[in-house]
Each structure stands twice: as structure tokens, then as C-alpha cells.
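Secondary and tertiary structure notes
Below, each chain spelled out in residue letters.
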Amino acid sequence: MQSHIEIDAVEDEPTGLARFYATARRFMRNRSFAIGAVLFGSVVLVTFLGPLLTDVSPNALSMRNRFQPPSFDNLLGTDNLGRDMFARVIYGAQLSLMIGTSVVILNAIFGVMLGALAGFYARLDNILMRIADALMAFPAVLLAIGIAAALGPSSMTAIIALSVVYVPRTARVVRSSVLVVKELDFVMAARASGATDFRIIMKHVLPNSMAPMIVQLSFVFAYSVLSEAVLSFMGLGAPPTVPSWGILISEGRAYMREAAWLTVVPGVAIAITALGLNLLGDGLRDVLDPRMKVEEG
Amino acid sequence: MSKVLINVANLVKHFTLATSNPFVRDKPVVRAVDGVSFTVSEGETLGLVGESGCGKSTVGRLILNLLPASSGAVEFDGHDILSMDSAGMRSVRKDLQIIFQDPHASLNPRMTVEEIILEPLYAQGHKRTPELRAYAAELLEMVGLPARFRNRHPHQFSGGQRQRIGIARAIAPKPKLVVCDEAVSALDVSVQAQVINLMQDLKAKMGMSYLFIGHDLAVVRHISDRIAVMYLGRIVEIARCDDLFSRPLHPYTQALMAAIPVAHPRLRHKRDRVRGELPSPLSPPKGCHFHPRCPFAQDICRSEAPQLRQMGDEHQASCHFAEDLPEKATAAQ
């Protein structure tokens, strides 16, 4: 325990706006979280403000302006049909982020639920984990391609396929930390007080299994954006009229030698999103740990 | 004598070990608790002592129904604990609480102190009301912590303070019996004394009973009314505290007492230490479990297991030679 002066200093919890600022300051002090927040925040901002940033339609053809390198007229150049790459990347972000978010939400629901059940109930563990083993035996992208091919190309298909691929992985991660946490004394204390299994899982086990969960979910988001690009690239994602980042790379690859910006620009967009999210996830894990609070004093 | 609160009769817990060898038909069985019987009366503190591995913590877990017992009966306040369904058990649990040994593992690090203390009440279906929050503050003051600490997290406290929080949580539902599972063993000696005194004050204030599990006879003696000595899954002697110390009737009890350090160089008596190691509970010795380490062992000890016999007012011991033992022990010295 530190000195008593310090303890009395942080006595009453601040309320309202002051509390919000204090929390925000604590979050931004974590470098990983700060960089990740800036990177991912700007991606989200550009995605939603996209239509305001450019008045060019992403699908407007201009045969005279084919393969223009980046310039003031076309910030990121034009493609083989003279379409503005800046507009196309911005509009493509919407689809990519939508798919990533959907997959993460499905993972947070089903992956965490199944993982918690498998970790908490030894009887369910064997069944659930053997199913997970079966699904994980396939290489991730191959399984996603298989499912997407069976269901037919659409963005919904991509979401379902990617969820099937990543839910067992998330469940695995959650299960392993649930297995550790459920043996701790405070879980036994809760049971001794008459808490129901549901309460024990929600209040005691899952909150203490959060660190690997957050990192895993930020991983899943980044991988979904990447894998959606792969599915789209293979023609199994969204129909090509809607440009997603994967489709942009797929279309540009034929002209990689002559017009590298067609593949590099959406590629960099994917890289920034994935990097931002991973940093954000790492930072979030540290910041949400109540033990970290003590360091600011 | 006051009313019996909990009556434990012939409690048995066997753990079957998993073996990787599929040809072994008889899987090894650990007899962690092997026929333990005792009672705790209202307002009484029963100490339960023994070496580590003798099954004393398992007894605590069994009477709370946190582990399923292999056989035996536990009657608590008119309820047959071992045969209750989970819903019925849940309602009994508010009267039956536990304090753990490790104050670092027993508090949920994600919860504030207030949430931790009130968790037993929330688990019983109480809603978070201002009255309940005021009660949490009151509980904190009762265990000697300022009420303004209630929004802190456990990592901001020292070991002794955390144990006080664990005590506050245990007494929050106003239980009738608290199982203290090595409740002070993890603390510094100076802090141990404070926590023990706190527990005695609380007992006087709230009129509850303790089952105080420990391995340190000096500490257990300080808080207990009666003491039960356990060895390898069985109770070998049970008596009132002063009676046990003035007239120990089992050689194991005598050996334990001889091992209490004396804080005076000249008064240090010839240590009659227990020889050897605790035998494996996988294959306990035949007859009296203690005979390989007993200085007075005879042939009968190797073949026949002694029963707990009444040796006087509220004094039971399980030794074939309990009557002669005090003389033998003095002769040996």
C-alpha cells in the first residue's frame, strides 16, 4: 500500500464530465491505445464522411483519364476505366468495415458464449471443442472460400463464412482463460454465497477473462477485413458493382506493373485498419485492467 | 450446552485418480476425508487442526457443499445439506459462509470493495438500494476499514486489509456459521493477531459460530472453544481447548504441542518431534494411521484401527493406549 496522503487524495470518485475527462486521459496515456485510436479513428471518420470528401462517384467512368497516376485532379490516380481511386477506396471502406464489424459482433456473441460454456461445464467441453477442432482443421481461408462458394456470392455470405471460420478460434481463447479463472477462490466464494451459474459466469468469470478476449476480437476484425478482401478477390464476396478493398486489389492486379497505385492504395488502407485495430485491442486490454489504474497515483 | 448448529456424521470424501493405464481396473483412491464426525454449537468456535494434506480444508468444502461428499451426513440448522437440490441449497447458503486462506485470490479483482462485500446479498436476490450501500459502509467500519474505501479495487489494499474485506463479505448475510479456511495463515504474524481479534469481536457482536481450520496450534488455541485434531483424513482427538492442552491423550496431539516453539532458550523442552513424513493418503498405513510415526506403537496399533473413545467430559481420543498415555509421555521425558 502506498502512503496515506495519496490514498486520501483520490478519495471521492469524480462525477459527470470530470470523470469522463479523467477516464479519457487515462486511456490516451497508453501509447498503444492512443496510436491505435488515431489510426482506426481516422479510418472510421473517412468511411462515414467519405461522400463529403469527394463529389466524384466511385463508379463514374472517364475513358480519357484511364491509368492516371496520383495528381491534384485524382488524388490517388484512376483505374483502367478512368474511375477515381480516392472515391473508390473511400466507398470501399464502408463495405469492408461493415463486414469486419458484423463478424466481430457475431464472434463476441457466439464465440464468447460457446467458449464460456465449454470452459465452465466439463461435460460440454468435449463436445464443443471436438466440433471446434473439426472446423479448425481446415485452413481458415480455404474453409471461408468453401462456405462462401456453397452459399453463393454476397456480402452476407462473406459475413457468415468468416464467422464460421473465426467463432471456434474465439471460443478456444475464451475457454482457456475461463478454465483458469473458474478455479480461483473468488469464484468459489460466489458459489458459497449462493450465486447461480449464470451470475458466476457473467459477473465473475467473464470479466476476468476479458484480456485475451479483447485482443482476440481485435484480431478477428483485422483478419475479417483481410479475408473479406481475399473472398472478394476470388469473386465470392460482394458483387463487383460495390467496390470493397478486396475487389479493388483484385481488379488492379492485372495492371500492377503499369499502375501500381491500383493495388497499393487499397492494400495500404487494409494495412492501416488492421494495424490500428491491433494496437487498439492491445491498449484496451491494458487500460481496462483495474490494476493499471494505480500507476497514475 | 447450547443448541447444536451443525452436526457432521461420518463424513467421507474419496477422490478417484484418473490413470492413463487402461489395464488398471482399480483406480487409485485418495481417502482425503475418511469418516469424520463432529458438531458445532451455536456461538461456539471449533478449531480443526492438522498437517497440510490431512483433509481439513476438504472438510470445510464438504460441509459447504462446494464439493460433493462420497458418503456421510451433514445436518445444518435442521437441513440435510448433502441431499439438498441446488435451489434449496442456495437459500441455506446465506447462513453458511466461508473465509479463504489467500486474500489475493479470494477477491474478484474487477469489482469494487462495495460490490464484493454485497455480492452474497445480490446473489440472494437483493437489489442495489441506498440502504444496502449504507449497509456496505457499515460493514467496512465493522471490520476496521474506512467506509470511504468502498469504491476501491482489491489490488489497492494490503494482505491484511484484503482479509478484512473477505471477512466483511462473509458476515454480510449475517450467517450462522462461518468456515474459516486457514483464514490467517497467509498473513504476517502481527497482522494475524489483529485479524484474529477482529474475528473474535465480530463473533461476540453477531453471535455466530466458527469452524476455524488451521495448522498453527497456537493460533487455533487462541480463538477456539474446542479443538479437533485431524490426521490423515480422521479426527484423532477432540476436546475442550484447555483440556486438550493440559491433558493431550493422543500421541499425535502431544507431538503437535511439542512442536509449538517456546520463546525462551532455557525453557525449551526436549523436542519430541514427529518423526518421518505424512504417509500418502493413497495407501494409508493399516491399523492406526499414526503407528509408523508413533513412539509408543505396539502390535495392536499395526493391525487394528482405534475408534474415537470417550475419555472424559467432552474429550474423545482414538488411541488404544489413551488411558496410559499421559504417564508414558512423562516417562519418556
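Rules used in this analysis
- Residues numbered from 1 in each chain as written.
- Chains lettered and ligands numbered in written order.
- Predicted model: local features only at pLDDT ≥ 70, side-chain atom pairs only at ≥ 80, totals over all residues.
- Heavy atoms only, no water.
- Helix = DSSP H or I, 4+ residues; strand = E, 2+ residues; numbered from the N terminus.
- Rg over C-alpha atoms; globule rule 2.2 N^0.38 Å.
- Buried < 20%, exposed > 50% of the residue type's maximum accessible area, 1.4 Å probe, protein only.
- Areas by Shrake-Rupley, 256 points an atom, 1.4 Å probe, with all protein chains shown as cover.
- Contact = heavy atoms within 4.5 Å.
- pLDDT = per-residue confidence, 0-100.
- Pairing = 2+ DSSP bridges.
- Axes fitted to C-alpha atoms, helices over the stretch in contact; angles between N-to-C directions.
- Expected span 1.5 Å × (residues − 1).
- Arc of directions from axis to C-beta.
- Salt bridge = Lys/Arg side-chain N within 4 Å of Asp/Glu carboxyl O.
- Phe/Tyr/Trp six-rings, centres within 6.5 Å; stacked < 30°, edge-to-face > 60°.
- Lys NZ or Arg CZ within 6 Å of the ring centre and 35° of its normal.
- Buried area = accessible area lost by both parts, 1.4 Å probe.
- Nonpolar A, V, L, I, M, F, W, Y, C, P; charged D, E, K, R; others polar.

1. What about the overall build of chain B?
- Along chain B, the regular secondary structure elements total 11 helices and 12 strands.
- Taken over the C-alpha trace, chain B has a radius of gyration of 21 Å; the compact-globule value for 333 residues is 20 Å, and the two agree within 12%.
- Over its C-alpha atoms, taken along the principal directions, chain B stretches across nearly 70 × 60 × 40 Å.
- Relative to its 333 residues, chain B shows a buried fraction of 52%.
- Carbon and sulfur atoms form 50% of the exposed surface of chain B, whose accessible area is close to 14800 Å².

2. Points about the environment of I223 of chain B
All names here are of chain B.
- Counting through the fold element by element, I223 comes out in helix 7 (residues 217-223).
- Of the residues examined, I223 reaches a relative accessible area of 4% and is grouped as buried.
- Sequence-distant contacts of I223, defined by excluding residues within four places in its chain, comprise T45, I196, M199, Q200, Y210 and F212.

3. Points about the confidence of the model for chain B
- On average, residues of chain B score 87 in pLDDT, and 93% of them are at 70 or above.
- Per the prediction output, this complex has pTM 0.81; the corresponding ipTM is 0.84.

4. Points about the sheet that holds strand 5 (residues 79-80) of chain B
Residue and element names in this part refer to chain B.
- Spatially, the four strands line up as an open sheet ordered 2-1-4-5, and their pairing is antiparallel. Across the chains shown, the open sheet's two edge strands, defined by having one partner strand only, are strand 2 (29-41) and strand 5.
- Of the strand pairs in this sheet, strand 4 (residues 71-76) and strand 5 are connected by two bridges, and their pairing is antiparallel. Directly across from E75, in strand 5, lies its bridge partner D80.
- Along the sheet face, helix 1 (residues 56-63) touches strand 1 (4-16), strand 2 and strand 4 and points at about 115 degrees away from the line of strand 1.

5. Quick word on helix 4 (residues 130-142) of chain B
Residues and elements named next belong to chain B.
- The terminal C-alpha atoms of helix 4 lie 18 Å apart, and with 13 residues this matches the ideal 18 Å at 1.5 Å per residue to within 8%.
- For helix 4, the elements touching its buried residues are helix 3 (113-123) and helix 5 (159-171).
- Two residues or fewer past helix 4, G144 is found with a positive phi of approximately 85 degrees.

6. Quick word on the pairing of strand 6 (residues 96-99) of chain B
All names here are of chain B.
- Burial along strand 6 is two-sided: the residues L96 and I98 and Q97 and I99 are all buried.
- For strand 6 and strand 7 (residues 177-181), the ladder comprises four bridges, and the chain directions are parallel. Across the sheet, Q97 pairs through a bridge with V178, a residue of strand 7.

7. Section: unusual backbone geometry
Residue and element names in this part refer to chain B.
- Phi is positive for N65, close to 60 degrees, though the residue is something other than glycine.
- Structurally, the position occupied by N65 is in the loop between helix 1 and strand 4.
- Phi at L232 takes a positive value of approximately 50 degrees, unusual for a residue other than glycine.
- Position of L232 among the secondary structure elements: in the loop between strand 9 (226-231) and strand 10 (234-240).
- Judged by relative accessible area, which is 3%, L232 ranks as buried.

8. Considering helix 6 (residues 189-206) of chain B
Residue and element names in this part refer to chain B.
- Taking 1.5 Å per residue as the helical rise, helix 6 with its 18 residues ought to reach 26 Å, and the 26 Å between its terminal C-alpha atoms agrees with that figure.
- For helix 6, the full list of buried residues reads Q192, V195, I196, L198, M199, L202 and K203. Projected down its long axis, helix 6 carries its buried residues within an arc of 160 degrees, all on one side. What points out from helix 6, more than 90 degrees from its buried face, is the exposed set S190, A204 and K205.
- Of the residues one or two after helix 6, G207 is the one with positive phi, at around 65 degrees.

9. Re the pattern of salt bridges
- Enumeration according to the criterion identifies 24 salt bridges over all chains in this entry.
- Ionic pairing is found between R88 of chain A and D79 of chain A, a salt bridge with its closest N-O pair at 3.8 Å. Residue R88 of chain A shares its accessibility class with D79 of chain A, and that shared class is buried.
- Its salt-bridge partner being R293 of chain B, residue E51 of chain B comes within 3.2 Å of it at the nearest N-O pair. A residue pair is termed long-range when its members are at least 10 positions apart, and E51 of chain B in the loop between strand 3 (45-49) and helix 1 and R293 of chain B in the loop between helix 9 (251-258) and helix 10 (299-303) qualify at 242 residues.
- Here the salt bridges share partners, and the residues they tie into one network are D79, R83, R88 and E251 of chain A.

10. Some thoughts on the pairing of strand 1 of chain B
Residues and elements named next belong to chain B.
- Two elements, strand 1 and strand 2, share 10 bridges in a ladder whose sense is antiparallel. Note on strand 2: the bridge partner recorded for T16 is V29.
- Both strand 1 and strand 4 contribute to a ladder of five bridges, which runs antiparallel. Across the sheet, N7 pairs through a bridge with E75, a residue of strand 4.

11. Things to note about the packing of aromatic side chains
Residue and element names in this part refer to chain B.
- Counting across every chain of the model gives 11 aromatic pairs over all chains.
- In this structure, R152 is placed above the aromatic ring of F149, and the distance from its NZ or CZ to the ring centre is 4.4 Å.
- Note that R221 overlies the ring of F245, its terminal NZ or CZ placed 3.9 Å from the centroid.

12. Things to note about the interface of chain B and chain A
- Opposite the 32 residues of chain B that make contact, chain A presents 28 residues.
- Each partner contributes to the roughly 2800 Å² buried at the junction of chain B and chain A, and carbon and sulfur atoms together form 56% of this total.
- When the buried area of chain B at its contact with chain A is split by residue, R110, R148 and H155 of chain B rank highest and sum to 23% of it.
- Connecting chain B to chain A are one salt bridge.
- As a salt-bridge pair, R199 of chain A and E119 of chain B come within 2.9 Å of each other at their nearest N and O atoms.
- Only strand 6, helix 3 and helix 5 of chain B provide two or more residues apiece to the side of chain B that touches chain A.
- For the side of chain B that touches chain A, the element with the most residues is helix 3 of chain B, which contributes four residues.
- In terms of residue class, the side of chain B that touches chain A is built from 13 nonpolar, 10 polar and nine charged.

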